[in-house]
Amino acid sequence: DSGVTQTPKHLITATGQRVTLRCSPRSGDLSVYWYQQSLDQGLQFLIQYYNGEERAKGNILERFSAQQFPDLHSELNLSSLELGDSALYFCASSLAGGPFYEQYFGPGTRLTVT
Amino acid sequence: QKEVEQDPGPLSVPEGAIVSLNCTYSNSAFQYFMWYRQYSRKGPELLMYTYSSGNKEDGRFTAQVDKSSKYISLFIRDSQPSDSATYLCAMTSAPNTGNQFYFGTGTSLTVIP
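Remember, predicted model here, so these are calculated numbers, not experimental data.

### Quick look at the overall build of chain A
Phase 1: When you go through chain A residue by residue, the secondary structure sums to zero helices and 11 strands.
Phase 2: Going residue by residue from the N terminus, the α and β elements of chain A occur as β-β-β-β-β-β-β-β-β-β-β.
Phase 3: For chain A, the proportion of its 114 residues judged to be buried stands at 53%.
Phase 4: Pairs at least 24 residues apart make up 54% of the contacts formed inside chain A by residues separated by at least 6 positions.
Phase 5: Of the roughly 5400 Å² of accessible surface on chain A, a fraction of 48% belongs to carbon and sulfur atoms.
Phase 6: Counting 8 positive and 11 negative side-chain charges, chain A places the centres of these two groups 3 Å from one another.

### Re the side chain of serine 94 of chain A
Phase 1: Inspection of the secondary structure puts serine 94 of chain A in strand β9 (residues 87–94).
Phase 2: Among the polar contacts made by the side chain of serine 94 of chain A, one reaches the side chain of tyrosine 33 of chain A at a distance of 3.0 Å.

### Describing the sheet that holds strand β8 (residues 71–76) of chain B
Residues and elements named next belong to chain B.
Phase 1: As summarised here, the arrangement of the five strands in space is β1-β3-β8-β7-β6, forming an open sheet in which the pairing is antiparallel. Of all the strands in the sheet, the pair left with one neighbour each is β1 (4–6) and β6 (54–58). When strand polarity is set aside, the average angle formed by the axes of neighbouring strands in this sheet is 15°.
Phase 2: Judged from the five bridges that link them, β6 and strand β7 (residues 61–66) form a sheet pairing that is antiparallel. Considered in β7, the bridge of aspartate 58 is made with phenylalanine 61.

### Description of the side chain of aspartate 83 of chain B
Residue and element names in this part refer to chain B.
Phase 1: Residue placement: aspartate 83 occurs in the loop between β8 and β9 (85–92).
Phase 2: On the basis of relative accessibility, which here comes to 1%, the residue aspartate 83 falls in the buried class.
Phase 3: Every residue in contact with aspartate 83, bar those within four places of it in the chain, is listed here: Arg37, Arg60, Phe61, Ile76, Leu109 and Val111.

### Details of the interface of chain A and chain B
Note: interface size is frequently given as the accessible area lost on complex formation between the parts.
Phase 1: Each partner contributes residues to the interface: chain A has 26 residues there, and chain B has 20 residues.
Phase 2: Carbon and sulfur atoms supply 55% of the area that chain A and chain B bury against each other, a total of about 1900 Å² over both sides.
Phase 3: Inspection of the chain A/chain B interface yields zero salt bridges.
Phase 4: At the boundary of chain A and chain B, one finds one residue pair in polar contact (both at pLDDT 80 or more).
Phase 5: Breaking the side of chain A that touches chain B down by element, the ones donating at least two residues are β4 (31–38), β5 (42–50), β6 (53–57) and β9 of chain A.

### A short note on unusual backbone geometry
All names here are of chain A.
Phase 1: For the bond from threonine 7 to proline 8, the omega torsion is -10°, close enough to zero to count as cis.
Phase 2: Within the secondary structure, proline 8 sits in the loop between β1 (5–7) and β2 (10–13).
Phase 3: A positive phi angle, close to 80°, is found at leucine 72, a residue other than glycine.
Phase 4: Counting through the fold element by element, leucine 72 comes out in the loop between β7 (64–68) and β8 (74–78).
Phase 5: Residue leucine 72 is classed as buried on the basis of its relative accessible area, which comes to 16%.

### Focus: the environment of lysine 42 of chain B
Phase 1: Relative to the elements of secondary structure, lysine 42 of chain B occurs in the loop between β4 (32–38) and β5 (45–51).
Phase 2: Remark: the alpha-carbon pair of lysine 42 of chain B and asparagine 22 of chain B, spanning 20 residues in sequence, is separated by 22 Å.

### Describing the environment of tyrosine 39 of chain B
Residues and elements named next belong to chain B.
Phase 1: The topology assignment puts tyrosine 39 in the loop between β4 and β5.
Phase 2: Given a relative accessible area of 28%, tyrosine 39 falls into the partly exposed group.
Phase 3: With 44 residues separating them in the primary sequence, tyrosine 39 and aspartate 83 have C-alpha atoms 9.0 Å apart.
Phase 4: A polar contact of 3.4 Å, which involves the side chain of tyrosine 39, links it to the side chain of arginine 37.

### Quick word on the nonpolar core
Phase 1: Grouped together as the largest cluster of nonpolar side chains are 24 residues, with contacts concentrated most on Trp35, Ile72, Leu74, Tyr87 and Met91 of chain B.
Phase 2: Contact partners of leucine 74 of chain B, with chain neighbours within four places excluded, come to Val19, Ser20, Leu21, Trp35, Leu47, Met48, Phe61, Thr62, Ala63 and Tyr87 of chain B.
Phase 3: Counting residues in each nonpolar core, the second largest holds 21 residues, with Leu11, Val19, Cys23 and Ile47 of chain A among its members.

Parameters and conventions
- Residues numbered from 1 in each chain as written.
- Chains lettered and ligands numbered in written order.
- Predicted model: local features only at pLDDT ≥ 70, side-chain atom pairs only at ≥ 80, totals over all residues.
- Heavy atoms only, no water.
- Helix = DSSP H or I, 4+ residues; strand = E, 2+ residues; numbered from the N terminus.
- Buried < 20%, exposed > 50% of the residue type's maximum accessible area, 1.4 Å probe, protein only.
- Contact = heavy atoms within 4.5 Å.
- Areas by Shrake-Rupley, 256 points an atom, 1.4 Å probe, with all protein chains shown as cover.
- Lys, Arg positive; Asp, Glu negative; His and termini not counted.
- Charge placed at Lys NZ, Arg CZ, Asp CG, Glu CD.
- Polar contact = N/O pair within 3.5 Å; in protein donor to acceptor, adjacent residues only side chain to side chain.
- Pairing = 2+ DSSP bridges.
- Axes fitted to C-alpha atoms, helices over the stretch in contact; angles between N-to-C directions.
- Buried area = accessible area lost by both parts, 1.4 Å probe.
- Salt bridge = Lys/Arg side-chain N within 4 Å of Asp/Glu carboxyl O.
- Core = buried A, V, L, I, M, F, W, Y, C linked by side-chain atoms within 4.5 Å.

Written out as C-alpha cells, the structure reads:
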C-alpha cells in the first residue's frame, strides 16, 4: 500500500458525460501528479501540482482539468468524454522540493466510456 | 518519433536467468532516469533511479545509463517468479521544476519457475 488513495476504483459512463476523479496524497506529500494509462499509449503524464499550484503540464487535453485543494487532495475533471478516454487514471504523490523525490502511485481509477 | 521507446515484449525467461530490459530516448536534455515495476492491476512502483550517466546497483538490480547513445538498461540477476511484472522506464530533464516525465510503454516479463 503506497499511502495514496484514489476514488472511485471503477467508473462507467457514457460519451459526452463529465466525471471527477479524486486523489488523496500520502501524508506529508505536497506534490500530486496525474497520469493516464492506456494499452496503446502506455503511461502518459498529464499534470503536476505542488502545494496547490500547477507545476508542470504534459499531454493533457483541453477537456480535462485538475486542481489541488488546500488540504492537498486533488481532483481530475474529465468532460465531454469520448470512447478514447477509456483508460486507467493514476495519481501519484511525492514530497517534492528537491532534485528528485520518489513518486508513490495510487491504485488507479479505471474509466470506461460507453 | 516518441520521446521514449521501449520494446513491449513479452519476455519469458526461466527462473535464475539474467534479464536485460532496455529503453532508448531522443531528448538529450534528459538527466534523471527511472525504472518502475508494475504488477497486474496495481500502480507502478519505483525500483531505481539514476542521475546522468553511469551504473547503479541495488541487490539483484542494476541500472545503466549511456547518455552518449541515449540508451538505458535494467539488469535483473537471478530472476525470480516474483519479478514477473511489467517494467517501465521513465525519464525527465529536471523533476519538480516544471518539466514533465516521459514513460516507455513497458516491457512485460514472465519468470517461469
